[in-house]
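# Results of the structural survey
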Amino acid sequence: MSEPETLPAEVHPEAALLPWYANDTLGSEERQSVARHLESCAGCRRELEELTQLKHDLAMVYGAAPSPSPQLARSVLQKVAVETSLRRSADLQGGHRLAAVDQWLRSLFLPQWVPTLAAIMLVVQFGLLLWVTMPVEEDRITTRSIESLALRYRVSFQEQATEGEIRALLNAIRGRIVDGPTAERTYVIEVRGGDPDSSKKTLAMLRARTEIVALVETLTP
Amino acid sequence: MAMDSTHGRDDSEPDLLAAVAMGDPSAFDRTYRLYEKRVYQYVFSLIHDQTLAEDIVGETMIAVWRGAGTFSRSSRVSTWILGIARHKSLDALRRLGRRQREVDLDAVADLPSHTDTPFEGLHRKEVASVTQRALGTLSREHQEILRLVFYEELPYGDIAVLLGIPANTVKTRVFYAKQQLKRQLERLSQKEPIS
Ligand SMILES: [Zn+2]
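In this text the structure is predicted, and so the values were computed from the model without any measurement. (Residues numbered from 1 in each chain as written. Chains lettered and ligands numbered in written order. Predicted model: local features only at pLDDT ≥ 70, side-chain atom pairs only at ≥ 80, totals over all residues. Heavy atoms only, no water.)

Here the focus is the environment of Glu-152 of chain B. All names here are of chain B. Inspection of the secondary structure assignment puts Glu-152 in the loop between α7 (140-151) and α8 (156-163). We classify Glu-152 as buried; its relative accessible area is 4%. Apart from the residues lying within four places of it in its own chain, the contact partners of Glu-152 are His-7, Arg-38, Leu-82 and Arg-147. Polar side-chain contacts of Glu-152 include one of 2.6 Å to the side chain of Arg-38. (Helix = DSSP H or I, 4+ residues; strand = E, 2+ residues; numbered from the N terminus. Buried < 20%, exposed > 50% of the residue type's maximum accessible area, 1.4 Å probe, protein only. Contact = heavy atoms within 4.5 Å. Polar contact = N/O pair within 3.5 Å; in protein donor to acceptor, adjacent residues only side chain to side chain.)

What follows covers the side chain of Gln-41 of chain B. Following the sequence through the fold, Gln-41 of chain B ends up in helix α2 (residues 25-47). Residue classification places Gln-41 of chain B among the buried positions, given a relative accessible area of 4%. Contact partners of Gln-41 of chain B, with chain neighbours within four places excluded, come to Tyr-62, Ala-65 and Pro-66 of chain A together with Arg-147 and Tyr-151 of chain B.

The description of two aromatic rings rests on the distance between their centres and on the angle between their planes. Residues and elements named next belong to chain B. Tallied over the entire structure, the rule returns seven aromatic pairs over all chains. Centroid distance Phe-28 to Tyr-32: 6.2 Å. Interplanar angle 45°. Geometry classified as tilted. Taken as a pair, Phe-28 and Tyr-32 lie in helix α2 at a separation of four residues, close to a single helical turn. Residue classification places Tyr-32 among the buried positions, given a relative accessible area of 0%. When the centroid spacing of 5.3 Å and the interplanar angle of 90° are considered together, the rings of Phe-175 and Tyr-176 count as edge-to-face. No difference in accessibility class separates Phe-175 from Tyr-176, as the two residues are buried. (Phe/Tyr/Trp six-rings, centres within 6.5 Å; stacked < 30°, edge-to-face > 60°.)

Right, let's get into the nonpolar core. Among soluble globular proteins, nonpolar side chains are generally buried collectively. Leu-18 of chain A together with Phe-28, Ile-159 and Val-170 of chain B are the most contacted members of the largest nonpolar core, which has 82 residues in total. Among the elements that take part in this core, α2 of chain B stands out by supplying ten residues, more than any other. Setting aside residues no more than four positions away along its own chain, Phe-28 of chain B makes contact with Val-76, Leu-77 and Val-80 of chain A together with Val-20, Met-61 and Trp-65 of chain B. Counting residues in hydrophobic clusters, the runner-up holds 18 residues, among them Ile-166, Leu-170, Leu-206 and Val-213 of chain A. (Core = buried A, V, L, I, M, F, W, Y, C linked by side-chain atoms within 4.5 Å.)

All names here are of chain A. Pairing is antiparallel in the open sheet, where four strands are placed in the order β2-β3-β1-β4. The two strands at the open ends of the sheet, each matched to only one other strand, are β2 (175-179) and β4 (213-219). Averaged over all pairs of adjacent strands, the angle between their axes in this sheet comes to 35°, without regard to strand direction. Inspection of the sheet shows strand β1 (residues 151-157) paired to β4 by six bridges, in the antiparallel sense. Following the sheet pairing, Val-155 is matched in β4 by Val-216. (Pairing = 2+ DSSP bridges. Axes fitted to C-alpha atoms, helices over the stretch in contact; angles between N-to-C directions.)

Here Gln-184 of chain B is to be found in helix α9 (residues 167-191). When neighbours within four sequence positions are excluded, Gln-184 of chain B is seen to be in contact with Ala-134, Thr-137 and Leu-138 of chain B.

Looking now at the pattern of salt bridges. Taken as a whole and assessed by the stated rule, the structure comprises 14 salt bridges over all chains. For the salt bridge of Glu-47 of chain A with Lys-178 of chain B, the shortest nitrogen-to-oxygen distance reads 3.1 Å. Here Lys-178 of chain B lies in helix α9 and Glu-47 of chain A lies in helix α3 (residues 42-64), a pairing that spans two chains. Taken as a pair, Glu-47 of chain A and Lys-178 of chain B share a single burial class, namely buried. Measuring nitrogen to oxygen at the nearest pair gives 4.0 Å for the salt bridge that ties Glu-83 of chain A to Arg-87 of chain A. Note that Glu-83 of chain A and Arg-87 of chain A are positioned in helix α4 (residues 70-93) at a spacing of four residues, about one turn of the helix. (Salt bridge = Lys/Arg side-chain N within 4 Å of Asp/Glu carboxyl O.)

Residues and elements named next belong to chain A. In the first shell of the zinc ion, the protein supplies His-12 (ND1), His-37 (NE2), Cys-41 (SG) and Cys-44 (SG), at 2.0 to 2.3 Å from the metal. Along the chain, the residues donating to the zinc ion fall in the pattern H-x24-H-x3-C-x2-C. Highlighted residues: His-12 in the segment before α1 (18-22) and Cys-44 in helix α3, separated in sequence by 32 residues. Judged by its relative accessible area of 33%, His-12 is partly exposed. (Donors = N, O, S within 2.8 Å, 3.2 Å for Na, K, Ca; no water.)

Right, let's talk about the packing of α3 of chain A against α7 of chain B for a bit. Where α3 of chain A meets α7 of chain B, the closest approach of the two axes is 10 Å, and the angle between their N-to-C directions is 105°. When the axis of α3 of chain A is compared with that of α7 of chain B, the two are roughly perpendicular. In this structure, α3 of chain A contributes Leu-51, Leu-54, Lys-55, Leu-58, Ala-59, Tyr-62 and Gly-63 of chain A to the contact, and α7 of chain B contributes Gln-143, Leu-146, Arg-147, Phe-150 and Tyr-151 of chain B. For the contact of α3 of chain A with α7 of chain B, the per-class residue count stands at eight nonpolar, two polar and two charged. (Parallel < 35°, antiparallel > 145°, perpendicular 65-115°, else oblique. Nonpolar A, V, L, I, M, F, W, Y, C, P; charged D, E, K, R; others polar.)

Moving on, we get to the confidence of the model for chain B. Residue and element names in this part refer to chain B. In the predicted model, chain B carries a mean pLDDT of 85, and 82% of its residues have values of at least 70. Segment residues 100-120: pLDDT under 50, and 33 contacts once partners within four positions in sequence are set aside and those in other chains are kept. Reported confidence for the predicted complex is 0.83 by ipTM and 0.64 by pTM. (pLDDT = per-residue confidence, 0-100.)

Encoded structure:
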C-alpha cells in the first residue's frame, strides 16, 4: 500500500485517536485528553460527528451481510459433542494412566499440525489401548490365527477431521492404522477377521464418512 | 459517555472462555453463537469465497474449543478469536496463490443502486447501498481496518497485535482509510440520480 506512514501535518494528534474515542476503547488518560481537545476544536468535533455517523452506517452494512449456512453450526457443535463424550468416556473407563496420556496428547494438538499429528498419535494411542486392555497371550494367538483374513485399506483423512472422529470411526469398523503417513499423507488401515461381505460393509462405512475420510481404496493382499 | 456498542460488549467473555477451556460444551455453544456470524463475515471479507470461508470458520471455532486454555486475557476475546481466523485465512490465501486476494470489483459493480426509489434524503437502504459500494472500492487493508475499528470495536493496541503492525501505523491507516471512504461516498452520492 502506498500511503504515508505519518498523518498530514495539519491534522491534530488528537484527531488520530478519534476513531477509538468513537468506539469507546481509549484508556482514561487518552480519553480525557481527547475530550479536552474537543472542547476547543470545532474541526475535530466535526470529524467525530462524521466518524460516529460512519460507524452507524458501517454497522448497518455489516449487520445486513449474509450469515453462514446452518450446516456449519451443526457440524461444529456436533464435532465438539463427540469430543466431549470421548473425553468423558476416556476419563471414566481408561483410568488415570490413559486419561493422563490422552491429556498430554491433547495438549500437543495445536491447530496447525492437527491432521498429521492426529493420525500419528492414533497409532500411539491405539497401541496403548491394546497394551492397557488386552491380555497379551490371547492377542498373540488371535493375530496368528486370523492374519490371513486381515483386510487392508489405503485411506487419507480430511484436514479438518479430528482425532476423536478418526478414533471413533476406527472403532466402528474395528480397524487400526498399521502404516503411514506417506508423503501423500495416506495411511494403511487393517481390519481383522474380515470376509468379502464385511469388507464391502467396511468400505461402504468409510466411503459414507466423507467429512472424515477424503479417500479410500481396498488394498489387495 | 455512552457510545452505542455494536455487539453489546460483555466483560464476562473471558470467563465464558475459561469455561470452554474446562471442556464445558454449553459455554462453547454460547461462544459459538456469539461469534459465528462475525467471524464468518470477517473471513469472507478477506477471502471472498463462501465455502472456504465456512471451512475456515469451522476450523477457527474448533481451535477455540481446543485452545481456549491458551487465551491469556491480555487482549479481548474477540481479538483472540479473530486473530485465529485471520491466521487461517491468510494460510488459505497463500495456498490459493492469492488469486482472490484483491477487491472483487465485479461483485461491487453488480450491487443494485436503487435508482427507482424516489429520493427523499438518503433512505437507510440507499445509505447502506452507497456505503457498501464505497467500501468495495477500498483496498483490502482499508476495508479490514475499518471493520476492526468500527464494527468489531477493538482498541488500537489490539488491532496492532492482530495485524502485526505498529500502533502508529494502525492510527494512520484508519485515518487514510476513512479519508478514502469519505471521498468515495461523496463521489457515489453525486452520481446517485435524484428524481
Ligand atoms: Zn482538533
